Amino acid sequence: VRGTVVSTQKLPSLSGVKLILVQFIDAEGQLVPQYEVAADNVGAGIEEWVLISRRAIAPHPDNDLRPIDAMVIGIIDTVTVENRRLYSKKDEYR
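For every chain, the first residue of its written sequence is number 1, and the numbers climb from 1 along that sequence. This being a predicted model, a pLDDT of at least 70 is required before a residue's local features are given, and a value of 80 or more before pairs of side-chain atoms are given or counted; all residues contribute to the totals for chains, interfaces and linings. To get the side-chain values, take all heavy atoms of the structure and skip hydrogens and water.

A separate point is the pattern of salt bridges. One side-chain nitrogen of Lys or Arg within 4 Å of one carboxyl oxygen of Asp or Glu is enough to make a salt bridge. Under the criterion given, the structure shown has five salt bridges. Notably, a salt bridge pairs E47 with R2, separated by 3.5 Å at the nearest N-O pair. Note that E47 is positioned in the loop between β3 (31–40) and β4 (50–54) and R2 in the segment before β1 (3–5), a separation of 45 residues in sequence. Looking at R2, the relative accessible area reads 36%, which means it is partly exposed. Where E28 meets R84, a salt bridge forms, and the shortest distance between an N and an O atom there is 2.7 Å. Here a helix means four or more residues in a row that DSSP labels H or I, a strand means two or more in a row labelled E, and each is numbered from the N terminus. Only protein chains enter the area calculation, which uses a 1.4 Å probe; residues under 20% of their type maximum are buried, those over 50% are exposed, and those in between are partly exposed.

Right, here's the structure in full:
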């Protein structure tokens with residue numbers, strides 16, 4: 001999570017939806033210059049790693065009519081690839 005997104009002019013169905021700016025990572029855990037705005041119902045904070053689901057497989061739980069393309073569905077605790085830890089939330093906040 002890189003930041004928050006504020007929109008005062010939006011569809012009424014998006015009222016009350018928290019929007020965040022997420023940045024993608026590569027297979028090595030390095031940031032890449034690709035961003036997306038996602039709805040956040042789990043309370044993710046800045047610098048946390050999150051799981052994002054796209055609309056096609058994860059409709060908004062409160063209302064299927066909201067035009068949400070990406071949604072945070074979880075906050076990541078650890079990421080391990082080939083027995084190498086790429087990320088640990090516990091280590092990040094020490």
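Moving on: the nonpolar core. Note on soluble globular proteins: their nonpolar side chains tend to be buried together. Residues V1, I20, V22, A38, A44, V50, A70 and V72 constitute the largest nonpolar core, which totals eight residues. Secondary structure elements with two or more residues in this core: β2 (19–25) and β5 (70–75). Any two residues whose heavy atoms approach within 4.5 Å are treated as being in contact. Aside from chain neighbours lying at most four places away, what touches A70 is E36, V37, A38, A39, I52 and S53. Side-chain atoms within 4.5 Å are what join buried Ala, Val, Leu, Ile, Met, Phe, Trp, Tyr and Cys residues into a set we call a nonpolar core. Judged by nonpolar contacts, the second largest core, of six residues, contains V17, L19, I68 and M71.

Bringing the pairing of strand β7 (residues 84–88) into the picture now. For strand β6 (residues 78–81) and β7, the ladder comprises four bridges, and the chain directions are antiparallel. Each bridged residue has a counterpart across the sheet, and for T80 the counterpart in β7 is R85. Here β6 folds back onto β7 in antiparallel fashion, the turn holding two residues, of which E82 has a positive phi close to 50 degrees. By this definition, two strands are paired if DSSP reports at least two bridges between them.

With that out of the way, let us pick up unusual backbone geometry. Its identity is not glycine, yet E47 carries a phi of approximately 75 degrees, on the positive side. Even without being glycine, N83 reaches a positive phi, approximately 60 degrees. Tracing the chain through its elements places N83 in the loop between β6 and β7.

Sheet architecture is open: five strands sit in the order β1-β2-β3-β5-β4, paired in mixed fashion. Where the open sheet ends on each side, the last strands, each with one partner, are β1 and β4. In this sheet, neighbouring strand axes are inclined to one another by 50 degrees on average, regardless of whether the strands run parallel or antiparallel. As judged from the two bridges shared by β3 and β5, these two strands associate in the parallel manner. Paired with D40 across the bridge in β5 is V72. Only C-alpha atoms enter the line fits that serve as axes; for helices the fit covers just the stretch in contact. Angles between N-to-C directions range over 0 to 180 degrees.

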